[in-house]
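Each chain is listed here by its residues.
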Amino acid sequence: MNNDQLAELAKDIATKAYAPYSNFRVGAALITDSGNVYTGCNIENASYPASVCAEDVAVVKAISEGEKKINTIAVACIDAESDTAIFPCGISRQRLAEFDTESVLVVDKSGYKTYKFEEILPYNFKF
Ligand code: THU
């Protein structure tokens, strides 16, 4: 799967979001070192902190299937009002750092921009 397809998939999967509280639907699609693709959407909860981000759902699916390394993740917020790209939140970035993610595709209405992971989370926490 190429980056264009990954970006499209992130938008598609965002339509599956369960976001009745924020009405802000997010989708993520990632490809691992082995070439497998995993998707996720945000899933909110009436107890707000129990909500999970789209990126985290995709990471949980991938790693629990035995994947070890994430190559690229595309993230799409299909309800963003502004034309400004919406980046993964800090906690999701930290989760992605754990699995040596290389690139992030930030998807918006007009397409997507590609970032090296280090650009969006320099000096990430590891020990
Ligand atoms: N959200 C994500 O899914 N990913 C992010 O990186 C940032 C925020 C979700 C969480 C919540 O369901 C909604 O967006 C509004 O914060």
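Above this note sits the structure.
Residues numbered from 1 in each chain as written. Predicted model: local features only at pLDDT ≥ 70, side-chain atom pairs only at ≥ 80, totals over all residues. Heavy atoms only, no water.

A look at the overall build of the protein
Reasoning step 1: Looking only at helices and strands, the protein features four helices and five strands.
Reasoning step 2: The order of α-helices and β-strands along the protein, N terminus first, is α-β-β-α-β-α-β-β-α.
Reasoning step 3: A globule of 127 residues ought to have a C-alpha radius of gyration of about 14 Å, and the protein, at 13 Å, matches this closely.
Reasoning step 4: Seen along its three principal axes, the alpha-carbon backbone of the protein occupies a region of about 35 × 35 × 25 Å.
Reasoning step 5: Across the 127 residues that make up the protein, the buried fraction comes to 43%. (Helix = DSSP H or I, 4+ residues; strand = E, 2+ residues; numbered from the N terminus. Rg over C-alpha atoms; globule rule 2.2 N^0.38 Å. Buried < 20%, exposed > 50% of the residue type's maximum accessible area, 1.4 Å probe, protein only.)

Notes on a nonpolar patch on the surface
Reasoning step 1: A contiguous nonpolar surface patch, about 510 Å² in accessible area, is contributed by Tyr18, Tyr21, Ile43, Tyr48 and Val52.
Reasoning step 2: Relative to the assigned elements, Tyr18 resides in the loop between helix H1 (3–14) and strand E1 (26–32).
Reasoning step 3: Judged by its relative accessible area of 43%, Tyr18 is partly exposed. (Patch = residues over 30% accessible without salt bridge, like charges linked within 9 Å, V, L, I, M, F, W, Y side chains within 5 Å. Areas by Shrake-Rupley, 256 points an atom, 1.4 Å probe, with all protein chains shown as cover. Salt bridge = Lys/Arg side-chain N within 4 Å of Asp/Glu carboxyl O.)

Looking at the sheet that holds E1
Reasoning step 1: As summarised here, the arrangement of the five strands in space is E2-E1-E3-E4-E5, forming an open sheet in which the pairing is mixed. A single partner strand is all that each edge strand has here, and the edge strands are strand E2 (37–41) and strand E5 (111–116). Strand-to-strand, the axes of this sheet are offset by a mean angle of 20°, without reference to chain direction.
Reasoning step 2: Helix H2 (residues 54–64) rests against E1, E2 and strand E3 (70–77) of the sheet, and its axis sits at about 145° to E2. (Pairing = 2+ DSSP bridges. Axes fitted to C-alpha atoms, helices over the stretch in contact; angles between N-to-C directions. Contact = heavy atoms within 4.5 Å.)

Quick look at unusual backbone geometry
Reasoning step 1: Even without being a glycine, Asn23 presents a positive backbone phi close to 55°.
Reasoning step 2: Tracing the backbone through its elements, the reader meets Asn23 in the loop between H1 and E1.
Reasoning step 3: Taking the relative accessible area as the measure of exposure, Asn23 reaches 56% and is therefore exposed.
Reasoning step 4: With phi around 55°, Tyr123 is a residue other than glycine that occupies positive phi space.
Reasoning step 5: Mapped onto the fold, Tyr123 is located in the segment after helix H4 (117–120).

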